[in-house]
Structure formats: C-alpha cells, structure tokens
Amino acid sequence: MTRILVTGHEGLLGSNLVALGCTPFVADLTDMHSIRAGITPAYAIINCAAKTNVDWCETYPASSSEVNVMGVQRLIETLQGLSGSPPLLVHISTDFIANGDHGPYTEESITPNPLNVYGAQKWFSEIMVRNQYPKHLIIRTTMLYGAHKSKFTFVHWLLSELSCHTNQIGVTYKQVTTPTYAPDLARIILTLVKRGMSGTFHVTSGETYTRFQFAIAVAKEFGYPQERIMATHHADQTAVRPQNGGLFVRKLDELGIVPQKTLESIKELKQNWK
C-alpha cells in the first residue's frame, strides 16, 4: 500500500492521523493550483480540512463554505483529473446533517435535515462526494475531543473554565451526543482504509452522553469538584444544535471493530493533557 495523504494535518484529527504514519498533504483547498501541486501518488487522501467551529460557520457562511463545500469540490475535480488508478477519498462528516429529533442514528436511520449552516455545508459536501467520486469513504463523527496545542474543543473550554475560575459552570443537559476521542477516530479510519472499505460509516464511541454527563465525567477524572458544573436547559450558542443527536456504530460492530470506551478515553486524555 502506498502512502495515505491527509489534508488539515495540523488539526485535531489530522495530527493524530499523521502520528499514526499518514503523510501531510500541504495544500490550500481554496486554490486549485495548490491542490494540484500537493498531490502525489497515494492510496488514499483523508480530507480533514474543514471549518468546524459551528457558531463561526453560522456567522460567516460564505467564508466557511470556501473550505467546507468549495474546497471539497476542488479536491474532487483535481482527483478526477489524475491519470492511473484514482486514490480513495475519505470525507469527514457529522451528525449535524440531521435535526436531532430521533438520534442517536445508525447509518440507515439518519435523515438529513440540518438545523445550522455547518450541518448544511457538510451534507452538501457529502452529496458531492457521493455523486461525483465513486471511490469514496464517508466517515460521520461527532463531538470530537482530544489533546491539542491550539484546537479549542468543548473539553478545552471546560477544563479552562474549571482551572481558571471558582464559580459554577453551566452545561446543557438537553444535547445528547456520542463523544468521539480523536486518537481512536484516527485509528479506526486507518483500519477501514486498510481493509478497503467504502461507503458511509459512523465512527464514535457509540456511547450516549448528554453534554452535562460528559462534562461531569471529565471533571471527575481531572480531579475537579463535580458540583462546580450546573445542568442548564439552554446553551449560550449562536447556531442551533440537534438536541437528540449522536451516532451509533452498527457497521463497525458488524466488522468487529470496537471503539474505545469514553471513560477509558478520558483517562488517556488526562495522561496526554498539557
């Protein structure tokens, strides 16, 4: 197997893929010439380049679309123009393509109906990949967390608040999700690629947590008083989020691929946290 390229290699997922041996694909997805110059013979290209700040996407839909939609289109067009056997295109998507009425979802039960700009952009890019590039693997995931020097996830916000302040922190109990540990997501993606899988797979822990329950688990492992976290009905967010979201991992179960348990992941996270 020749090498596996990764766009967005400095991000949370991309950096974990590089740590597992993938090759950084240094290209500006807003520039077709940059994409052409960056592509070298590869077995697969994992596209981790995305604007994932949901509230930022809601505020700046045109700017976020340049990467989340048009960047994907440019990548597809460049891959279509390659001679020889085309590489596998691995596209990263989200449960935010659904409205959260009946989650968590299996691969078959999800009905696209996004509530926010980010979800709409991700669903549109899924359609492009599925319709224009047959050799694809779509990975849907959600609530990604892990240690990273600059990526600001929910866990980064939570630990920052717990370490810098003594007041109570409000976390919504209304948003249901299935947390996903970035190193485990990277491991499973590479497993699917190396097994020659295609189509659409959900990759998360497969375990259901509310945001509040997850925050309590993180605080407990990191040694902060759990009473510092207060359950709230609403979250102070610009973009509407699915309330009953999350993704079950039925197809992984069928392949015998077992995601890491959330509590084990949080323990590992603490060991790697800086």
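Residues numbered from 1 in each chain as written. Predicted model: local features only at pLDDT ≥ 70, side-chain atom pairs only at ≥ 80, totals over all residues. Heavy atoms only, no water.

Draft legend 1. Expanded view of the nonpolar core. Judged by nonpolar contacts, the single largest core of 25 residues is most densely connected at L17, I46, V90, I139, I189 and L192. Put simply, the parts of the chain that give this core at least two residues each are β1 (4–7), α1 (12–19), β3 (44–47), β4 (88–94), β5 (136–141) and α8 (182–194). Residue contributions to this core peak at seven residues, all from α8. Discounting residues that sit within four places of it in the chain, V90 has contacts with I45, I46, N47, L137, I139, I189 and V193. In this structure, I169, A215, I216 and V218 belong to the second largest nonpolar core, which totals 21 residues. (Core = buried A, V, L, I, M, F, W, Y, C linked by side-chain atoms within 4.5 Å. Buried < 20%, exposed > 50% of the residue type's maximum accessible area, 1.4 Å probe, protein only. Helix = DSSP H or I, 4+ residues; strand = E, 2+ residues; numbered from the N terminus. Contact = heavy atoms within 4.5 Å.)

Draft legend 2. Quick peek at the packing of helix α4 (residues 61–68) against helix α5 (residues 70–80). For the pair α4 and α5, the least separation of the axes is 3 Å and the interaxial angle reads 25 degrees. With respect to α5, the element α4 is oriented roughly parallel. For the pair formed by α4 and α5, the contact residues are S65, E66, V67 and N68 on the first element and M70, G71, V72 and R74 on the second. Split by residue class, the contact of α4 with α5 holds three nonpolar, three polar and two charged. (Axes fitted to C-alpha atoms, helices over the stretch in contact; angles between N-to-C directions. Parallel < 35°, antiparallel > 145°, perpendicular 65-115°, else oblique. Nonpolar A, V, L, I, M, F, W, Y, C, P; charged D, E, K, R; others polar.)

Draft legend 3. Quick look at empty space enclosed by the protein. Enumeration according to the criterion identifies two cavities of 30 Å³ or more in this entry. If you add up the space inside the largest cavity, you get close to 80 Å³. D95, F96, T142, M143, Q175, V176, T177, R211, R241, P242, G245 and G246 together form the lining of the largest cavity. Along the lines of polarity and charge, the residues of the lining of the largest cavity split into four nonpolar, five polar and three charged. Forming the boundary of the second largest cavity are 13 residues, of which T180, Y181, D184, T204 and S205 lie nearest the centre. Secondary structure elements with two or more residues in the lining of the second largest cavity: β9 (180–181), α8 and α11 (262–272). A total of three residues in the lining of the second largest cavity trace back to one element, the largest contributor, which is α8. (1 Å grid on protein atoms, 1.4 Å probe; cavity = no way out; pocket = protein on both sides within 12 Å on 5 of 7 lines; lining within 4 Å. Points joined across faces, edges and corners; volume = space filled by probe spheres on them.)

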